[in-house]
Amino acid sequence: MASPNPSGGFWHRLANPARFQRLSAWLMPWLVLITLGCFGAGLYYGLYASPIDYQQKDTVRIMYVHVPAAWLAMMSYSTLAISGFVALVWRHPLADVAGAATAPIGAVFTFLALFTGAIWGQPTWGTWWVWDARLTSVLILFFMFLGYIAIRNAFDDQARAGRAASLLAIVGVVILPIIKFSVDWWNTLHQPASVSKLSGSSMDPAMLRPLLIMAVAYMALFGVLLLLRMRLELTRRRVEALQMARAGAATP
Amino acid sequence: MNAFMATLSRDLLIARREGGESLLAVIFFVLGAMLFPLGVGPEGKLLALMAAGVIWVMALLATLLALDRLFQADWRDGTLELMALAPDSLTLVVAAKCLAHWLVTGLPMVIAAPVMALLLNLPPEGWPPLLAALLIGSPALSFIGAICAALIVGARRGGVLMTLLALPLYIPTLIFGAGAVQAAIGGFDASAHLAALGAITLAAIALCPWAAAAALRQAME
Amino acid sequence: MPNLDVQNLACRRGGRILFAGLDFSLSDGDAALALGRNGAGKSSLLRVLAGLIPPFTGSIKWNGEDVRRESYEFRSAMRYVGHADGLQTNLTVIQNLHYWAALYRASTSRDALEKALAAVGLDELADLPARMLSAGQRRRLALARPIATQPGGLWLLDEPTVALDRPSIAKIEAAITAFRAGGGIVIASTNAPLTLPGAKEIDVAAAMPSPEDAFADAFEDALL
């Protein structure tokens, strides 16, 4: 019977689910180690051993949790777009799985960024929410993740759902810079004079180091969660295929 | 007569035959203008502050309401397949459908805008930039929305889902469109906003039909 | 001299491989009947040939050129009538035909369109709104489309005579014969009566893989 010609390329070999499961199983402990290590170091430096901000005092420490979360939200959406592109153009089967796995992770990181942003905002401006440019952009990004998840669930045909979601992610990533630009513009027009920017004025190098360590920690965490969810999704699809085979064989 | 012109005249003919249905979006548009004073109170100064934003938000929502019909009927009766299999590119057909959609939905909104401005107490300096912004920006709404309509064609509960997908994509148009009016009211120059709006519309007209055609082809696989 | 060359064609839908290893070749004047019980993949075969669904594997060549590469030439010559009639119910019969003719770059003159309508027996209903047509009449209008828009080339007809009575079926068969006489190739799938003299048979059901193979994923294939 006909089968697609499995070219010898690395990516095609990786598409073999058994191989992917083996590779990801090998990679996992290292990623977990890096995650725990960097979180440990980052939180120590961030919450304890780094200087305080002149104006915000200790509350600036939320930055070490908030800012990397926002970075990871952006990175998650980029992953979504890249996997969508690969899924549509090269039809690599793992790309679709990666997209489905990434979306909820990205939504959670985005929510975390919003949540910690609100916590940071309370002592700084006395209000839980403020329409500052970055928070607004992150809020919009949150809804774009929700839209991706929603469109994946909107079709019974899983192949169709995957294609539509991939296309949506690509369109989204193209429009995202334009959204960011327009929100920044909007914010400078309407910004009241007294608002201090969330990102902190100048970055003391002693503040930069824990921030970068936390960024690596978040990225490693993203890797762990992504691999976990992809393994789960692959197993789920395998079970579904076996069930369908059973149903198909039973019908005369 | 090529695919573009044929599809354009067909869609316009269908809209004319359907009569009232095409105007539903415009009625909804003006209806919203009624709801806001009822909701926030009739105080003139408050309405004047909100007018530009409210009109633009209603324009977004009204366009979304009408976008549902863009591809659904053709999908259901099988015409979409015929369009995809025509020698001329599906992109041309989609572009014609978007243009027809704007002529039937967007242009009437521009014409109805003075009524909205009156009901919402928009200051007189805001009227010309409002009309200009809506004229320049409403095609973007039709064209960008077409991508979302194409993505969810045939899906269950497609209407609400399409709203969720399209609203983030509409935000730049909203910001520059409402911003143009507010700039003019504040005594500033609105031309930068209008130029940005024009750039968005031109980019939308150039790129969105192609993206929507790709989405439609994926839907038919 | 048109010809269609299909090699090793496979189609996968809904995670299941419908058929695989399909080979056949048709040249001008030929006809083919796709056979198989319902759900065997006859409709999918026609849709793959038309280009609506990408093939899982295999190649389709029209006049020696891969149809995915030279798709403009292919789409200019190929006409597809699927399950759906493709009618806009608010337009009249002739307005529907006019749009299809314009879309497919065929003659849109009233004469040419009326001739096509006469071939399927709808010329008297030309100015009626399409929503007033019965199921059989709608089917005939859908079949008027390839007649109006393509003098020669390839017709892909999916269940063309469903809901048609004997005289109408005869009219359709006559139109198909005239098309083939001009060098056209016809591939039809049908469970209803349709006589295509000299038609080859494409047994789609025979090309169906065994249940275990049918659900082979692209994943699993990479294991081989």
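What counts and what doesn't
- Residues numbered from 1 in each chain as written.
- Chains lettered and ligands numbered in written order.
- Predicted model: local features only at pLDDT ≥ 70, side-chain atom pairs only at ≥ 80, totals over all residues.
- Heavy atoms only, no water.
- Helix = DSSP H or I, 4+ residues; strand = E, 2+ residues; numbered from the N terminus.
- Buried < 20%, exposed > 50% of the residue type's maximum accessible area, 1.4 Å probe, protein only.
- Contact = heavy atoms within 4.5 Å.
- pLDDT = per-residue confidence, 0-100.
- Pairing = 2+ DSSP bridges.
- Axes fitted to C-alpha atoms, helices over the stretch in contact; angles between N-to-C directions.
- Lys, Arg positive; Asp, Glu negative; His and termini not counted.
- Salt bridge = Lys/Arg side-chain N within 4 Å of Asp/Glu carboxyl O.
- Polar contact = N/O pair within 3.5 Å; in protein donor to acceptor, adjacent residues only side chain to side chain.
- Nonpolar A, V, L, I, M, F, W, Y, C, P; charged D, E, K, R; others polar.
- Phe/Tyr/Trp six-rings, centres within 6.5 Å; stacked < 30°, edge-to-face > 60°.
- Lys NZ or Arg CZ within 6 Å of the ring centre and 35° of its normal.

This part covers the overall build of chain C. Of regular secondary structure, chain C possesses eight helices and nine strands. In terms of its C-alpha atoms, chain C occupies a principal-axis envelope of roughly 60 × 35 × 30 Å. Every one of the 224 residues in chain C was classed for burial, and the buried ones make up 54%. In chain C, the proportion of contacts linking residues at least 24 apart, taken out of those at least 6 apart, comes to 72%.

In this section: the confidence of the model for chain B. On average, residues of chain B score 92 in pLDDT, and 100% of them are at 70 or above. Ranking the elements of chain B by mean pLDDT puts helix H2 (residues 20-40) of chain B last with 86 and helix H6 (residues 127-151) of chain B first with 96.

Residue and element names in this part refer to chain C. Overall, antiparallel pairing links the four strands, which are arranged S2-S1-S4-S5 in an open sheet. Both outer strands of the open sheet, strand S2 (16-27) and strand S5 (65-66), are each paired with one neighbouring strand and no more. Docked against the sheet, helix H1 (residues 42-50) engages strand S1 (3-13), S2 and strand S4 (57-62), running at close to 120 degrees with respect to S1.

Residues and elements named next belong to chain C. One can find glutamate 159 in the loop between strand S7 (154-158) and helix H6 (166-181). In this structure, glutamate 159 is buried with no salt-bridge partner, the nearest side chain bearing the opposite charge being lysine 42 at 4.5 Å. Apart from residues lying up to four places away in sequence, glutamate 159 is in contact with Lys42, His83, Arg139, Ser189, Thr190, Asn191 and Ala192.

This part covers the sheet that holds strand S8 (residues 185-189) of chain C. Pairing between sheet strands relies on hydrogen bonds along the backbone, with the strands arranged either parallel or antiparallel. Residues and elements named next belong to chain C. Read across the sheet, five strands follow the order S6-S7-S8-S3-S9 without closing on themselves; strand pairing throughout is parallel. A single partner strand is all that each edge strand has here, and the edge strands are strand S6 (78-81) and strand S9 (200-203). The average undirected angle you get between the axes of adjacent strands in this sheet is 15 degrees. With respect to the sheet, H1 is in contact with strand S3 (31-35), S6, S7, S8 and S9, its orientation differing from that of S7 by roughly 150 degrees. Together, S6 and S7 form the strand contacts of helix H5 (residues 135-149), whose direction differs from that of S6 by roughly 180 degrees.

We now examine the interface of chain B and chain C. On the side of chain C, 28 residues touch chain B, which itself brings 25 residues to the contact. Remark: the boundary between chain B and chain C carries two salt bridges. Here Asp88(B) and Arg105(C) are joined by a salt bridge, their closest N and O atoms 3.0 Å apart. Applying the counting criterion to the chain B and chain C interface returns eleven residue pairs in polar contact (both at pLDDT 80 or more). Elements with a minimum of two residues in the side of chain B that touches chain C: helix H1 (3-18) and helix H4 (79-85) of chain B. The greatest single-element share of the side of chain B that touches chain C, amounting to eight residues, is contributed by H1(B). Looking at the side of chain B that touches chain C, its residues break down into 13 nonpolar, five polar and seven charged.

Where a strand is regular, its side chains alternate between the two sheet faces. All names here are of chain C. Relative to S4, S1 is paired through five bridges, and the arrangement is antiparallel. Note that in S4 the partner of leucine 4 across the bridge is tryptophan 62. Sheet topology note: the S4/S5 ladder contains two bridges and is antiparallel. Bridged to lysine 61 within S5 is aspartate 66. Between S4 and S5, which pair antiparallel in sequence order, lie two residues; one of them, asparagine 63, sits at a positive phi of approximately 55 degrees.

Tallied over the entire structure, the rule returns 15 aromatic pairs over all chains. Each ring, one from Phe109(A) and one from Phe222(A), has its centre 6.5 Å from the other, and the planes form 40 degrees; the classification is tilted. With Phe109(A) in helix H4 (residues 93-125) and Phe222(A) in helix H7 (residues 205-250), this residue pair connects regions lying 113 residues apart in the sequence. For the pair formed by Phe109(A) and Phe222(A), the shared burial category is buried. Ring centres 6.2 Å apart and planes at 15 degrees place the aromatic pair Phe111(A) and Phe115(A) in the stacked group. Taken together, the residues Phe111(A) and Phe115(A), both in helix H4 and four residues apart, mark about one turn of the helix. Using a relative accessible area of 46% as the deciding quantity, one classes Phe115(A) as partly exposed. Through pairs of rings, three or more aromatic residues link up here, namely Phe39(A), Phe109(A), Tyr218(A) and Phe222(A). Across the ring face of Tyr99(C), the terminal group of Arg10(B) is positioned such that the distance to the ring centre comes to 4.7 Å. Taking the ring centre of Trp100(C) as reference, the NZ or CZ of Arg145(C) above it sits at 4.7 Å.

Scanning the model with the defined rule gives 19 salt bridges over all chains in all. Taking the shortest distance from any N to any O, the salt bridge between Glu240(A) and Arg236(A) comes out at 3.1 Å. Taken together, the residues span about one helical turn, with Glu240(A) and Arg236(A) both in helix H7 at a distance of four residues. Its relative accessible area of 36% is what places Arg236(A) among the partly exposed residues. Here Lys97(B) makes a salt bridge to Asp74(B), at a shortest N to O gap of 2.5 Å.

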